[in-house]
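# Topology and contacts: notes
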Amino acid sequence: SQKIEQNSEALNIQEGKTATLTCNYTNYSPAYLQWYRQDPGRGPVFLLLIRENEKEKRKERLKVTFDTTLKQSLFHITASQPADSATYLCALGDSSYKLIFGSGTRLLVRP
Amino acid sequence: GAVVSQHPSWVICKSGTSVKIECRSLDFQATTMFWYRQFPKQSLMLMATSNEGSKATYEQGVEKDKFLINHASLTLSTLTVTSAHPEDSSFYICSADLTSTDTQYFGPGTRLTVL
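Computed from a prediction, not measured in an experiment: that's the story for all the values here.

So, how was this worked out
- Residues numbered from 1 in each chain as written.
- Chains lettered and ligands numbered in written order.
- Predicted model: local features only at pLDDT ≥ 70, side-chain atom pairs only at ≥ 80, totals over all residues.
- Heavy atoms only, no water.
- Helix = DSSP H or I, 4+ residues; strand = E, 2+ residues; numbered from the N terminus.
- Rg over C-alpha atoms; globule rule 2.2 N^0.38 Å.
- Contact = heavy atoms within 4.5 Å.
- Areas by Shrake-Rupley, 256 points an atom, 1.4 Å probe, with all protein chains shown as cover.
- Buried < 20%, exposed > 50% of the residue type's maximum accessible area, 1.4 Å probe, protein only.
- Pairing = 2+ DSSP bridges.
- Polar contact = N/O pair within 3.5 Å; in protein donor to acceptor, adjacent residues only side chain to side chain.
- Axes fitted to C-alpha atoms, helices over the stretch in contact; angles between N-to-C directions.

## Remarks on the overall build of chain A
Looking only at helices and strands, chain A features zero helices and eleven strands. Taken against the 2.2 N^0.38 rule, which gives 13 Å for 111 residues, the C-alpha radius of gyration of chain A at 13 Å falls within 12% of a compact globule. Within chain A, residue pairs in contact and separated by at least 24 positions form 54% of the contacts whose partners lie at least 6 positions apart. In the form shown here, chain A has an accessible surface area of approximately 5700 Å², with 47% of it arising from carbon and sulfur atoms.

So, in structure tokens, the structure goes:
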């Protein structure tokens, strides 16, 4: 069955550093991959979408890579800030419009 | 743009009662809406896909008679948890698909606690 893995351990980094989060998947060929931010007790907020034919996407301090051979996506936040502290979810999608979510990685940025 | 609201944001009910949760797309029309459930420290699990004017499509293992979904208009979908039990206590989140963008916009979620 389809499986998405995100590091369940929290990532703890110093303000100003680059945070890198990993999303690995198996038994699936997604048409696109998305990253969401989720704060406690809130719904996810869409950040970036990258399609299977794209290698990299950027938006302000965010960068996403997508390697369909390795079945992996990396999510980078440069010049991280304490306000970036949240749980980040990756989600895979295809032509069915359904999304399959990973369990998320909690990021903590220390001032 | 692409704002989705949910009501109520939290609800506490007695076991055996029914609870209705509303999901609205405020500034766009959503042909398709999705309902998810999220338990603490776990992933969002898709419960059902709601299409305007037709019956919802439920994921495997989700009881359609227990979780009633109505998508009566392009801006409103409702989820009714019937005969709620403590094990139904969870965080319920809806999303609306913005057509042709492959992007889902999520509501703020509804925390359901069944006593």
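## Let's talk about the environment of Leu33(A)
All names here are of chain A. Along the chain, the position of Leu-33 falls in strand 4 (residues 32-38). When the C-alpha positions of Leu-33 and Arg-51 are compared, they lie 6.3 Å apart, and in sequence the two are 18 residues distant. Each residue touching Leu-33, except ones within four places of it in the same chain, is listed here: Leu-48, Leu-49, Ile-50, Phe-66, Ser-73, Ala-91 and Leu-92.

## Overview of the pairing of strand 11 (residues 105-110) of chain A
Residues and elements named next belong to chain A. The side-chain alternation of strand 11 yields one buried face, formed by Thr-105, Leu-107 and Val-109, and one unburied face, formed by Arg-106, Leu-108 and Arg-110. Taken together, the three bridges between strand 9 (residues 86-93) and strand 11 define a ladder with antiparallel strand orientation. Opposite Tyr-88, over in strand 11, you have Thr-105 as the bridge partner.

## Quick look at the side chain of Ser80(A)
Residues and elements named next belong to chain A. As for its placement among the helices and strands, Ser-80 is situated in the loop between strand 8 (72-77) and strand 9. The buried category is assigned to Ser-80, whose relative accessible area is 1%. A polar atom in the side chain of Ser-80 sits 2.7 Å from the backbone oxygen of Lys-17.

## Quick look at the sheet that holds strand 3 (residues 19-25) of chain B
The strands making up a sheet associate through backbone hydrogen bonding, with each pair oriented either parallel or antiparallel. Residues and elements named next belong to chain B. Across the sheet, four strands lie side by side as 1-3-8-7; this open sheet has antiparallel pairing. Strands at the two margins of the open sheet, each flanked by one partner only, are strand 1 (4-7) and strand 7 (67-73). For this sheet, the mean angle separating the axes of adjacent strands, direction not counted, is 15°. Here five bridges tie strand 7 to strand 8 (residues 76-81), and the two strands are oriented antiparallel to one another. Looking at strand 8, one finds that Leu-68 is bridged to Thr-80.

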